[in-house]
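# Architecture and fold: a report
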Amino acid sequence: MYKVLLVDDERIILDGISQMVDWSAFRTELIGTAQNGIQAYEKIVEAAPDIVVSDIRMPGLDGLELVAKTHGTHPAVKFVLLSGYGEFEYANRAMQYGVKHYLLKPTDEVKIAEALREVTEELDRQQSRETFIRDMKRRFEKVIPHAKEQVLKEFVTNKTYGTRDLEEYRGLFPYPFDQPIRLLLCQLEGETDFEHRFAVKNIAEDVLQSTLLSTTIGDHVLILMADPQDQESFYRGLQDVRSTFSLYYKTNVTIAVSDPGPMAQARRLYRETLRCLDYRFYLDESGIITRQDALSPGSQDAEFDFDEERLILPVRSGRAEEAALALSGFIAEMKRAQLGIDMAKSYAIRQYASLIRLADPERMDEAYKRIPEIAEMESLQAIHSFLEHAVQEISRRNAERNACKYNAIVRKVIDIVEEHLGNSALSLNMVAHEMLYMNADYLGKLFKKETGEKFSNYVMRIRIQRATELMASDPDVKIFEMAERLGFGDNPQYFSQVFKKQVGCTPSEYIRKAALDWGRANA
């Protein structure tokens, strides 16, 4: 129940409003009355009402002054102001304090009831917002450690994140992101689980004092840290991390170290550490690897931006030639970047896995069983041929399936037109939004592609065709009746104009000709 205080300097008005309003019906409770602004403010301080219904003109402290004073100490209180005729200009000054409700005196139960209903609904919405904000703050405090990990993960893996996003995160994470940072990407050797990755994170945070954020990405542990001033101590610390982990868990860990760089380039630095890990094969199975260690001839400036959707989109749509070009581009990019063997196979497997998710369900199990074949292939050309076969096969099947699906949609549209031909509101938007739940622009393009004409032209042609059939079967039919039956509403003149444009004569001329033909046929 919301508490209400009633204020007016006329006792008869106070008593009248107090008795004629069913306060409980509006989830309110009248907690008291006051005959001037001074008394009213004292009761506001004492009882903290939710709503104050007050006259504007009162001795001592008038209604507007009461609003201003209350706003300064109890801003949540809602006011309903009672004013005499001609006082509205005066009352409008209260708008700066959020007053929205004014009632012209003399008022009645209905007007007061409506004002109470609006104010209580406003208070309900306000309470709902406040409850939502409190819940969100409570939840945020619980998830903030996980949020920090997710932010780091998104920032280095999501190519849509940039400098603007970094500026927003400064308030969330009070870290000195203006200084250069480094990324460490740790890969554990052998069979490991979450406990091992969690241990690496903890050990690194204890040993490396400049650690800022850390998270896990797949089987890797990613650590973001401020670039240390003492490089020699830094690399000794990395060795301590490796030796401590190996001591407790009897397994090795490889740490790829990025060059120093600004936080805004974290995604590039992350790709750099991935390339470092790829070159483990050429160094040893575990250790500390930097970009200088991993460089190979021609690869210093190479980057590889994996975008599986570039191939998936044309395959899903059944555009085989475009898909073949996208696949060739994918292979060419890997060649240009001179990726390591494992990384090249990893990207190929990811691309193949995304492709076979577009295949027929009954073929997916068989396709998944072929994934190990990619790992055994000895050349990028062999991988290209393998993927090319999958691209051609899945593109062909999707093209066939899409053609059937499009034909089915257009047939459904034609059936709807036939059923609703007499509805003057029949339109592409109506069919798309209210019946097929599709995008109207897309449906219009699909309809024209399959039928060769626009939806509106098709509907008008069918309506005129039905009109000629009616006239031929019943020469006595009235033009206004046909217009109404065929979706022209009560506009026979428009019907006649469209008919003449398409048939070459007016409906009356066509009816006379149809009557003559009918007479000759029955003579």
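Up top you'll find the structure we're talking about.
Below: a short report on this structure. (Residues numbered from 1 in each chain as written. Predicted model: local features only at pLDDT ≥ 70, side-chain atom pairs only at ≥ 80, totals over all residues. Heavy atoms only, no water.)

### Focus: the overall build of the protein
- In terms of helices and strands, the protein carries 22 helices and 10 strands.
- Looking at the protein as a whole, 44% of its 523 residues qualify as buried.
- Pairs at least 24 apart in sequence give 66% of the contacts found in the protein among residues at least 6 apart.
- Per element, the accessible surface of the protein, about 29,000 Å² overall, is 51% carbon and sulfur. (Helix = DSSP H or I, 4+ residues; strand = E, 2+ residues; numbered from the N terminus. Buried < 20%, exposed > 50% of the residue type's maximum accessible area, 1.4 Å probe, protein only. Contact = heavy atoms within 4.5 Å. Areas by Shrake-Rupley, 256 points an atom, 1.4 Å probe, with all protein chains shown as cover.)

### Some points on unusual backbone geometry
- At arginine 27, a residue that is not glycine, the phi angle is positive and equals roughly 60°.
- As for its position among the elements, arginine 27 is in the loop between helix H1 (11–20) and strand S2 (28–34).
- Unusually for a residue other than glycine, alanine 48 sits at a positive phi of about 50°.
- Along the chain, alanine 48 turns up in the loop between helix H2 (37–47) and strand S3 (51–55).
- The class for alanine 48 is partly exposed, based on a relative accessible area of 38%.

### Digging into a nonpolar patch on the surface
- Residues Phe132, Ile133 and Met136 make up a contiguous nonpolar surface patch of roughly 300 Å² in combined accessible area.
- With respect to the helices and strands, the residue isoleucine 133 is situated in helix H5 (residues 109–157). (Patch = residues over 30% accessible without salt bridge, like charges linked within 9 Å, V, L, I, M, F, W, Y side chains within 5 Å. Salt bridge = Lys/Arg side-chain N within 4 Å of Asp/Glu carboxyl O.)

### Some words on the sheet that holds strand S7 (residues 211–217)
- What the five strands build is an open sheet, ordered S7-S8-S6-S9-S10; its pairing is mixed. Taken across any chain shown, the strands that pair with only one partner, and hence form the sheet edges, are S7 and strand S10 (288–290). Adjacent strand axes in the sheet meet at a mean angle of 20° when their direction is disregarded.
- Bridge count between strand S6 (residues 181–188) and strand S8 (residues 220–226): seven bridges; the pairing is antiparallel. What sits directly across from arginine 182, in S8, is methionine 225.
- Of the strands in this sheet, S6, S7 and S8 touch helix H7 (residues 194–207), which is tilted by about 170° from S7.
- Its contacts with the sheet place helix H8 (residues 231–249) against S6, S8, strand S9 (253–257) and S10, and it is angled at close to 155° to S9. (Pairing = 2+ DSSP bridges. Axes fitted to C-alpha atoms, helices over the stretch in contact; angles between N-to-C directions.)

### Remarks on the packing of aromatic side chains
- In total, this model carries 12 aromatic pairs according to the counting rule given.
- Taking the centre distance of 4.9 Å and the plane angle of 40° together, the rings of phenylalanine 306 and tyrosine 347 count as tilted. You can see phenylalanine 306 sitting in the loop between helix H10 (291–294) and helix H11 (309–317) and its partner tyrosine 347 sitting in helix H13 (residues 341–356), a full 41 residues away along the chain.
- Each ring, one from phenylalanine 447 and one from tyrosine 458, has its centre 5.4 Å from the other, and the planes form 70°; the classification is edge-to-face. Taken together, the residues phenylalanine 447 in helix H18 (residues 440–451) and tyrosine 458 in helix H19 (residues 455–473) connect sequence positions 11 residues apart. (Phe/Tyr/Trp six-rings, centres within 6.5 Å; stacked < 30°, edge-to-face > 60°.)

### Re the packing of H2 against helix H3 (residues 63–73)
- One can describe the packing of H2 onto H3 by two numbers: an axis separation of 10 Å at closest approach and a directional angle of 20°. Judged by the inter-axis angle, H2 sits roughly parallel to H3. Crossing handedness for the pair H2 and H3: right-handed. On H3, the residues that touch Gly37, Ala40, Tyr41 and Ile44 of H2 are Leu66, Lys69, Thr70 and Thr73.
- Here the residues of the contact of H2 with H3 are counted per class, giving four nonpolar, three polar and one charged. (Parallel < 35°, antiparallel > 145°, perpendicular 65-115°, else oblique. Left-handed = near helix turned anticlockwise from the far one by under 90°. Nonpolar A, V, L, I, M, F, W, Y, C, P; charged D, E, K, R; others polar.)

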